[in-house]
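Given next are the chains, with one letter for each unit.
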Amino acid sequence: MCGIVGYAGRRPGKPIILDGLRRLEYRGYDSAGIVLIEDGVLQTTRAVGNLDALYAAAGANGSQATVGLGHTRWATHGRPNHENAHPHDDCSGRVSIVLNGIVENYKELRAELGARGHVFKSETDAEVVAHLIEEHIGDGLTAAVRATLASLDGHYAFCALSADEPGIVVGTRDECPLVVGVGEGEMFFASAIPAFLTHTSTIIALEDGDVVTLRAEGAQICDVAGQPLVREQTVVPWDDDAAEKGGYETFMLKEIHEQPAALRDTLAGRLREDGVVDLSEVGLDDEMLRRLRRIFIVACGTSYHAGLIVSYAIEQLARVPVQIDVASEFRYREPVFGADTLVIGITQSGETADTLAAMRLARAAGSPVLAVTNLMGSQATREADYVLYTRAGLEIGVAATKTHTAQVAALLLLALRLAWARGVMPEAELKRLGHELRAVPEQVEQLLARPSAIEEIARRYHDERFFLYLGRGMGFAVCLEGALKLKEISYIPTEAYAAGEMKHGPIALLDKESPVVVVADDSPVFPKLVSNIEEVRARGADVIAVATDGNEAIGELSRDVLWVPKCDHHLAPILTVIPLQLLAYHIAGMKGLNVDQPRNLAKTVTVE
Ligand code: M6R
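Quantities reported herein were computed from a predicted structural model and do not represent experimental measurements.

## Quick notes on the overall build of the protein chain
Here is step 1: Scanning the protein chain for helices and strands turns up 19 helices and 25 strands.
Here is step 2: Per-residue burial over the protein chain gives 60% buried out of 608 residues.
Here is step 3: For the protein chain, the proportion of contacts with a sequence separation of at least 24, taken over those separated by at least 6, is 71%.
Here is step 4: Summing over all exposed atoms, the protein chain offers an accessible surface of approximately 22,000 Å²; the carbon and sulfur share of this is 49%.
Here is step 5: Between the mean site of the 57 positive side-chain charges and the mean site of the 83 negative ones, the protein chain shows a separation of 3 Å.

## Here's the deal with the site of the ligand
Here is step 1: In the vicinity of the ligand, 14 residues are found, and the nearest of them are Ser-303, Thr-347, Ser-349, Thr-352 and Glu-488.
Here is step 2: Between the ligand and Thr-347, the relevant distance is 2.7 Å, taken from an oxygen atom to a side-chain nitrogen or oxygen of the residue.
Here is step 3: Between the ligand and Val-398 there is a distance of 3.1 Å, counted from a nitrogen atom to a backbone nitrogen or oxygen.
Here is step 4: Within the complex, 92% of the 410 Å² of free accessible area of the ligand lies under protein.
Here is step 5: Those elements that provide at least two residues to the shell around the ligand are α9 (301-318) and α16 (474-490).
Here is step 6: Among the residues forming the shell around the ligand, the class breakdown is 5 nonpolar, 7 polar and 2 charged.
Here is step 7: Looking at which domains feed residues into the shell around the ligand, each of domain 2 (251-443) and domain 3 (454-590) gives three or more.

## Focus: the sheet that holds strand β17 (residues 322-326)
Here is step 1: The strand order β17-β16-β18-β19-β20 describes an open sheet built from 5 strands, whose pairing is parallel. Each edge of the open sheet carries a strand with a single partner, namely β17 and β20 (386-389). When strand polarity is set aside, the average angle formed by the axes of neighbouring strands in this sheet is 20°.
Here is step 2: Taken strand by strand, helix α13 (residues 402-422) contacts β16 (294-299), β18 (341-347), β19 (369-373) and β20, and its axis lies near 165° from that of β18.

## Some points on the sheet that holds strand β6 (residues 95-103)
Here is step 1: Read from one edge to the other, the open sheet built from 7 strands follows the order β5-β6-β7-β8-β12-β13-β14, with strand pairing classed as antiparallel. In this open sheet, the two edge strands, each paired with only one partner strand, are β5 (88-89) and β14 (228-229).
Here is step 2: Relative to strand β7 (residues 154-162), β6 runs antiparallel, the two sharing 9 bridges. Residue pairing across strands places Val-103 opposite Gly-154, the latter belonging to β7.
Here is step 3: In the packing of helix α5 (residues 141-149) onto the sheet, the strands contacted are β7, β8 (169-174), β12 (211-215) and β13 (218-222), and the crossing angle to β7 comes to about 160°.

## Digging into the pattern of salt bridges
Here is step 1: Tallying each qualifying case throughout the model produces 40 salt bridges.
Here is step 2: In this structure, Glu-175 engages Arg-360 in a salt bridge whose closest nitrogen and oxygen atoms are separated by 3.4 Å. Taken together, the residues span a long stretch of sequence, with Glu-175 in the loop between β8 and β9 (179-182) and Arg-360 in helix α11 (residues 353-364) at a distance of 185 residues.
Here is step 3: Exposure remark for Arg-360: the relative accessible area of 30% places this residue in the partly exposed category.

## So, the side chain of Gln-348
Here is step 1: Structurally, the position occupied by Gln-348 is in the loop between β18 and α11.
Here is step 2: Take Gln-348: its relative accessible area is 12%, and that puts it in the buried class.
Here is step 3: Ignoring sequence-local partners within four residues, the contact set of Gln-348 consists of Ser-303, Thr-373, Asn-374, Leu-375, Glu-395, Thr-403, Gln-407 and Lys-603.

## Structural notes on the domain arrangement of the protein chain
Here is step 1: Along its sequence, the protein chain is organised into domain 1 (3-243), domain 2 (251-443) and domain 3 (454-590).
Here is step 2: With 16 residues of domain 1 at the interface, the matching set in domain 2 holds 11 residues.
Here is step 3: Roughly 1,200 Å² is buried in total at the junction of domain 1 and domain 2, and carbon and sulfur atoms are behind 55% of that figure.
Here is step 4: One can count 2 salt bridges joining domain 1 with domain 2.
Here is step 5: Applying the counting criterion to the domain 1 and domain 2 interface returns 4 residue pairs in polar contact (both at pLDDT 80 or more).
Here is step 6: Among the residues forming the side of domain 1 that touches domain 2, the class breakdown is 10 nonpolar, no polar and 6 charged.

## Here's the deal with the pairing of strand β11 (residues 202-205)
Here is step 1: Relative to β11, β9 runs antiparallel, the two sharing 3 bridges. Residue Val-180 lies in a different strand from β11, and its bridge partner there is Ile-204.
Here is step 2: Pairing analysis gives 3 bridges linking β11 to strand β15 (residues 233-235), with the strands arranged antiparallel. If you follow Thr-202 over to β15, its bridge partner there is Val-235.

## A word on the packing of aromatic side chains
Here is step 1: All chains considered together, the criterion is met by 7 aromatic pairs.
Here is step 2: When the centroid spacing of 5.9 Å and the interplanar angle of 40° are considered together, the rings of Tyr-156 and Phe-158 count as tilted.
Here is step 3: Here Tyr-156 falls in the buried class, since its relative accessible area comes to 3%.
Here is step 4: Taking 5.6 Å as the distance between ring centres and 35° as the angle between the ring planes, the aromatic pair formed by Phe-188 and Phe-196 counts as tilted.
Here is step 5: The exposure class assigned to Phe-196 is buried, which follows from its relative accessible area of 1%.
Here is step 6: Chaining the aromatic ring pairs together yields one cluster made of Tyr-7, Phe-188 and Phe-196.

## Concerning the nonpolar core
One broad trend across soluble globular proteins is that nonpolar side chains are buried collectively.
Here is step 1: In this structure, Ile-295, Ile-344, Leu-370 and Leu-437 are the most contacted members of the largest nonpolar core, which totals 93 residues.
Here is step 2: Per-element tally for this core: the top contributor is α13, with 12 residues.
Here is step 3: Here Leu-437 is in contact with Leu-267, Leu-271, Ala-409, Leu-412, Leu-413, Leu-416, Leu-571 and Ile-574, once residues within four sequence places are set aside.
Here is step 4: Formed by 29 residues, the second largest nonpolar core is a distinct cluster that contains Tyr-7, Leu-197, Ile-203 and Ile-396.

## Points about the pairing of strand β3 (residues 41-48)
Here is step 1: Bridge count for strand β2 (residues 31-38) against β3 is 8 bridges, and the pairing is antiparallel. Bridge pairing in β3 places Ser-31 opposite Val-48.
Here is step 2: What sits between β2 and β3 in their antiparallel hairpin is a turn of 2 residues, with Asp-39 showing a positive phi close to 50°.

Basis of the calculations
- Residues numbered from 1 in each chain as written.
- Predicted model: local features only at pLDDT ≥ 70, side-chain atom pairs only at ≥ 80, totals over all residues.
- Heavy atoms only, no water.
- Helix = DSSP H or I, 4+ residues; strand = E, 2+ residues; numbered from the N terminus.
- Buried < 20%, exposed > 50% of the residue type's maximum accessible area, 1.4 Å probe, protein only.
- Contact = heavy atoms within 4.5 Å.
- Areas by Shrake-Rupley, 256 points an atom, 1.4 Å probe, with all protein chains shown as cover.
- Lys, Arg positive; Asp, Glu negative; His and termini not counted.
- Charge placed at Lys NZ, Arg CZ, Asp CG, Glu CD.
- Near = heavy atom within 4 Å.
- Polar contact = N/O pair within 3.5 Å; in protein donor to acceptor, adjacent residues only side chain to side chain.
- Nonpolar A, V, L, I, M, F, W, Y, C, P; charged D, E, K, R; others polar.
- Domains from an automatic or database assignment.
- Pairing = 2+ DSSP bridges.
- Axes fitted to C-alpha atoms, helices over the stretch in contact; angles between N-to-C directions.
- Salt bridge = Lys/Arg side-chain N within 4 Å of Asp/Glu carboxyl O.
- Buried area = accessible area lost by both parts, 1.4 Å probe.
- Phe/Tyr/Trp six-rings, centres within 6.5 Å; stacked < 30°, edge-to-face > 60°.
- Core = buried A, V, L, I, M, F, W, Y, C linked by side-chain atoms within 4.5 Å.

Rendered as structure tokens:
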């Protein structure tokens, strides 16, 4: 969740580190800090709030230091205040560290270090790392970091500086991301590649336990025992523009409009001309798909909603029983695994701690694990037997949009291939669905280009205190996602309910001031939804429906209709969620909120 940037080079490091932090700000934004080695002395600046506060405190330029570290924080241990902001230093002020993740045994370590005379300045778990390094610094920074690892429990990535070795930065990782960027006469550490993409796209992906010493000239990597290691350099095919807003007011709006491209890229090469899905690149062969008796899907937040949407499609099309759970529940509920159970972990970042833990658990119990992720080389890819990439490109807005629809598209491909392999549907029908899926990116493009009433609706309702979302089947799962979007960026309480359940409780919430959003696309459950809409209208609440072009009945029933193009109902969730993303976006905008950085949230959640 926190973001780390490290630099060792020949140029002034401060603007490079601050710019890198700006690009990682989506990872956490409650406080930030930077440390530079200036004339053999560590100069640290910390600030509470987002990066603007750090820029104000540190100034963008004015330092000639060529080695330094930066950090943007999402608080886990210790409130977001000045003392708890990273970097943290040791007692002597000669060692400084930035950390992402959690040191689980920090209380014991703090007590032991305290007994040996160390004095702590923060409430964080991270600070113990600086003090542990201090105890071993006589052997040099790299050896001190290696020695420190022996004392730490948890999952973390950290980088360290020593004023006595002003030309190096040392970093290490264990189950938290840290990647090396290889420039010309300069080297970078970062939690994620976009931090240094302006300077280089050549990276070294690190393994858990690697200890890396960066100098301007290059990286030396060893294991915890000091044995040298060789790690390959790769060039990432990413465009630096991805980290810019490209003329849009916000990243979220840009990413909503990038959905046609994200969907096209996700489907590319995976749908044959005849409409048959080809997932051979994933390595899941038809024989294995035929043998499956059950599928578990585990994920969090928006990724969970993508899983829920497609769980309906998998059961309906491929006739395999699917159980789906949020990863934080799944991992502790002692699920029954088996070799004939495929476990699918969905995580756009590939870093979500609970999802990774659930995948690890499944694998240890002998179930094959498939990761569905947007991030090449992320931790999820290491915890899985198979990887199905979404190709949505970098997503910076905290509220997931394009990665969500790309997940749904990728998982629909899987549903279709499963159905094909198991021979449970006529081939012609599967080919028709394949052709329809191929047309969806174009339909999304048309949908985004249409004039729509969304802004007018947002203006009318942005001061309401509660929104109810109702749907059935896949439409219910879309409602969960629409309701999450609205609550996370506008802070308006929302509830998403299976429409048939409404009269068992939530109907009590309805009054004239509570708009009800109904996902009412043309699906087999549409006639059932009509009676639910009538129940809502009878209580005086306004209905905003998301419906399929040409559905005449819905116009009579709703105050507003947000139309989406016609497609097979299994594919419709890719379209119906888009008006809900935009509704949330405009409501939050009208409330004057920062949609890219909603309060209390972080884009990647690397703690449980
Ligand atoms: O990276 P992941 O897909 O594992 O992230 C899961 C959730 O943290 C994420 O979807 C979260 O709910 C988003 N903020 C939703 O917009």
